[in-house]
Each structure stands twice: as C-alpha cells, then as structure tokens.
Amino acid sequence: MKKERSQAKLGAERTRRSIVKLLKHHGAMDALHLANELHVTAMAVRQHLYRLQEEGLVSFSEEPRSMGRPAKMWALTSEANRLFPDGYADLTISLIESMKEAFGEDGLDRMLDIRNRNQIMEYQSKVSKDLTLKERLNAFAASRTAEGYMAEIIENEDGSYSFVEKHCPICEAARACSGLCKKEVEMFKQVLGADLEITRSEHILEGDIRCVYVITPPIGRE
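Residues numbered from 1 in each chain as written. Predicted model: local features only at pLDDT ≥ 70, side-chain atom pairs only at ≥ 80, totals over all residues. Heavy atoms only, no water.

Quick look at the pattern of salt bridges
Charged atoms that come close allow side chains of opposite charge to pair. Counted according to the given criterion, the structure contains 11 salt bridges. Note that Glu13 is salt-bridged to Arg16, the shortest N-O span being 3.0 Å. Here Glu13 pairs with Arg16, and both are found in helix H1 (residues 2-26), just three residues apart, close to one helical turn. Overall, Arg16 belongs to the buried group, its relative accessible area being 9%. Residues Arg65 and Asp30 are paired through a salt bridge, measuring 3.4 Å at the closest nitrogen-oxygen approach. (Salt bridge = Lys/Arg side-chain N within 4 Å of Asp/Glu carboxyl O. Helix = DSSP H or I, 4+ residues; strand = E, 2+ residues; numbered from the N terminus. Buried < 20%, exposed > 50% of the residue type's maximum accessible area, 1.4 Å probe, protein only.)

Digging into the sheet that holds strand E4 (residues 161-165)
Taken in spatial order, the four strands make up an open sheet running E3-E4-E6-E5, and their pairing is antiparallel. One side of each edge strand has no neighbouring strand; the edge strands of this open sheet are strand E3 (151-155) and strand E5 (197-202). Across this sheet, the average inter-strand angle for adjacent strands is 25 degrees, counted without regard to direction. In terms of strand pairing, E5 meets strand E6 (residues 211-216) through five bridges, oriented antiparallel. Looking across to E6, one finds that Ile198 is bridged to Ile215. Set on the sheet, helix H5 (residues 133-146) makes contact with E3, E4 and E6; between it and E4 the angle comes to about 5 degrees. (Pairing = 2+ DSSP bridges. Axes fitted to C-alpha atoms, helices over the stretch in contact; angles between N-to-C directions. Contact = heavy atoms within 4.5 Å.)

Concerning helix H2 (residues 31-38)
Those residues of H2 that fall on the buried side of the exposure criterion are Ala31, Leu34 and Ala35. An end-on view of H2 places all buried positions within 100 degrees of arc, on one side of the element. Backbone geometry just after H2 places His39 at a positive phi near 60 degrees. (Arc of directions from axis to C-beta.)

Brief notes about helix H3 (residues 42-54)
With 13 residues, H3 should cover 18 Å at 1.5 Å per step; its first-to-last C-alpha distance of 18 Å lies within 8% of that length. Following H3 by one or two positions, Gly56 adopts a phi angle in the positive range, close to 80 degrees. (Expected span 1.5 Å × (residues − 1).)

A few points about the layout of surface pockets
Estimated volume of the second largest pocket: approximately 270 Å³. Elements with a contribution of two residues or more to the lining of the second largest pocket: H2, H3 and strand E2 (71-76). It is E2 that contributes the most residues to the lining of the second largest pocket, three residues altogether. A per-class count over the lining of the second largest pocket returns six nonpolar, no polar and five charged. (1 Å grid on protein atoms, 1.4 Å probe; cavity = no way out; pocket = protein on both sides within 12 Å on 5 of 7 lines; lining within 4 Å. Points joined across faces, edges and corners; volume = space filled by probe spheres on them. Nonpolar A, V, L, I, M, F, W, Y, C, P; charged D, E, K, R; others polar.)

Following this line, the structure appears as structure tokens:
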C-alpha cells in the first residue's frame, strides 16, 4: 500500500511538471487542451491546476466563448520562473552590484560591451552567413536554446519570422542590470544580418510571458 501511494505521488508530480512545461512552451491553455496533450481527463488536469495555483505557480483568466460559460485560461506566474534555469541569478546579481560599486556605471558598461562582443563572436561561429535566413534562424535558435532560452522560430504569413524565447535564464540579472537586454536587437542583427529589420514585440521584463523578435528580410530576398 505504501509503495502504491509513493508511485501515485510520483505520477502526480510528473503530471504537474508536464503541465508547467506545456504552459511554458505554449502560453495560456485551458484544462481541456492540457488534458488532450497529456492524454488524461480534464477533471484530473483541473485537480493538478488547483494544486499548482495553491503553490502560486499558475493563475487563470476567463476567456468568453460563443457558447456556454467562459473558459479558464491557465498561465504560469512569475513565481514559476524558479522552476527553470536561472543562469545562477543570485551570484550574477551579486557580481553586478559588486562591479557597480568597484568600477561605477561606466566600468559596468565597458564590461557589458566586452560580453556583447564575445557573445556575438560565439554566435557568428555557429551561424554561417552562407546559410539561408531560415537556416540561420534555426541555428541561432539552437544556440540560444542550449543556453536556456527555449527558442523557436515561427514563419509568418507575410514572409517575416518570429524568433520566440519562452524563457530568460538571465531574467533576474537583467532586472538588476538593464544593459544586459538593451543591446539584444543590435546583437541579433550582427548575428543574422545587418540588412534585416528586427523589432522586439514582446518582452518578459515588461510583463509578457515571452520575448518575441519579429525579423523581416529585405523585399525580394529570403
């Protein structure tokens, strides 16, 4: 009996981890869609969602439907970020504060310039300019995913691409030092191509659930 209870507990934990991962990848979802993805009943999913809500990891908003009651759309809270890689946030924030104290804002800016330059060189070694834009984007997304950004490419109907990052492993450090994010768009251009139009349409630090960069090639080129 004890073994059965232990196995049931482990199964429940696995299901809750799967729910958290799905919400991280797909954004807000209702219980029915989560149940379909996990091949379990909607009732079982709701029980797990309420448990995650008690832990402060998920919350819901109501979405009107054409028929029937509004659907509860579940999404992760900022508290759930602790379940994903954080890039050694506490240590990084401590180092940033120490550098500010030792070298001032100008010294910190110089350090960030060096980091940005080294980061660009590293990405450029993995993203060949001989590749098509889509191939460059996929190679870049693979590099960013390896660092914990959970990146993916979406091809839009107008010929542009959305470069989506569902997690920011340096989020807490970036809150302490806005310079870590300030040059991201310019870094994307240097890696992917200076002739591209790149804008950030969603930003985790501004309250969005993900960062999204819209990448538009020049007219007449891929």
